[in-house]
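Listed here are the chains, written in short residue letters.
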Amino acid sequence: MSDLDLLTQSLARNVKRWRTERGFTLDALAARAGVSRGMLIQIEQARTNPSIGTVVKIGDALGISVTTLLDYERGPKVRVVPAEQAVRLWHTDAGSYNRLLAGAEAPGPLEMWDWHLMPGESSPSDPHPSGTVEIVHVTAGELTLTVDGIEHRVPAGASATFEANTPHTYANEGHVPMDMLMTVSVPAVH
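My aim in this report is to walk through the structure given alongside it, one point at a time. Everything numeric in this text was worked out from a predicted model, so none of it was measured.

## Considering the pattern of salt bridges
Going through the model one piece at a time under the given rule, you end up with 9 salt bridges. Measuring nitrogen to oxygen at the nearest pair gives 3.0 Å for the salt bridge that ties Arg-37 to Asp-27. One end of the pair, Arg-37, is in helix H3 (residues 37-44); the other, Asp-27, is in helix H2 (residues 26-33), with 10 residues separating them in the sequence. Three or more residues joined by partner-sharing salt bridges are found here, namely Glu-142, Glu-151, Arg-153 and Glu-173.

## Description of the nonpolar core
Within the largest apolar cluster, 42 residues are counted, with the highest numbers of intra-cluster contacts made by Ile-58, Leu-143 and Tyr-170. The element that contributes the greatest number of residues to this core is helix H4 (residues 52-62), accounting for 6 residues.

## With respect to the side chain of Glu-44
Examined against the element boundaries, Glu-44 turns out to sit in helix H3. Apart from residues no more than four positions distant in its own chain, Glu-44 is found in contact with Ala-12, Val-15, Lys-16, Arg-19 and Leu-26.

## Brief notes about H3
Every buried residue of H3 is listed here: Leu-40, Ile-43 and Glu-44. Each buried residue of H3 lies within a common arc of 95 degrees when the element is viewed along its axis, so the set occupies one face. Of the surrounding elements, those touching the buried residues of H3 are helix H1 (3-22), H2 and H4. One or two positions beyond H3, positive phi appears at Ala-46, with a value near 55 degrees.

## Quick look at the packing of aromatic side chains
A full pass over the atoms with the stated rule returns 2 aromatic pairs. Ring geometry for Trp-90 against Trp-115: centres 5.4 Å apart, planes inclined by 45 degrees, an arrangement best described as tilted. Pair noted here: Trp-90 is in strand S1 (residues 87-91) and Trp-115 is in strand S3 (residues 109-117), with a separation of 25 residues, a long-range link. Pair check on accessibility: Trp-90 and Trp-115 agree, each one buried. Judged by centre distance (4.9 Å) and plane angle (50 degrees), the ring pair of Trp-115 and Tyr-170 falls under tilted. Separated by 55 residues along the polypeptide, Trp-115 in strand S3 and Tyr-170 in strand S9 (residues 168-171) bring together distant segments of the chain.

What counts, and at which threshold
Residues numbered from 1 in each chain as written. Predicted model: local features only at pLDDT ≥ 70, side-chain atom pairs only at ≥ 80, totals over all residues. Heavy atoms only, no water. Salt bridge = Lys/Arg side-chain N within 4 Å of Asp/Glu carboxyl O. Helix = DSSP H or I, 4+ residues; strand = E, 2+ residues; numbered from the N terminus. Core = buried A, V, L, I, M, F, W, Y, C linked by side-chain atoms within 4.5 Å. Buried < 20%, exposed > 50% of the residue type's maximum accessible area, 1.4 Å probe, protein only. Contact = heavy atoms within 4.5 Å. Arc of directions from axis to C-beta. Phe/Tyr/Trp six-rings, centres within 6.5 Å; stacked < 30°, edge-to-face > 60°.

And the structure:
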């Protein structure tokens, strides 16, 4: 079985598990996440490989991290994630990518990401739930971070924090690859 097949099956199992645990019908989760009921059915039946944007919307609506959606098994309080187990969820032919390094529920979803953006590439993000905060730390190149239509330059060695409940875009407008680490904290669903 391929890595993609394993992810698709894990996502199917976990969306259904967490939807049931939260007491959401398919219609309720579809409305909360802003995705179609048909898409949720396909995901729960492992018949589709949804975009990272769709997975993030579902995780946000359920109040859990993408990591938890991909594997909900609870282990000891310390969890080491080997480098080869980091999950690449987005990439482009030019070589840009992101990897989900680790995640936890504390008290809401908390995720750590590794991003690599090639010159001239960007990745837009839909608004997250109110109260969501992102922290980025640029390790190489320069990030052009656009939050609610306003551009912010974040050079190598600098960090930025922002409320992520508005549209935002990560872009590399420079001439060298841009690398950054990002954490996302989403408030718990009540």
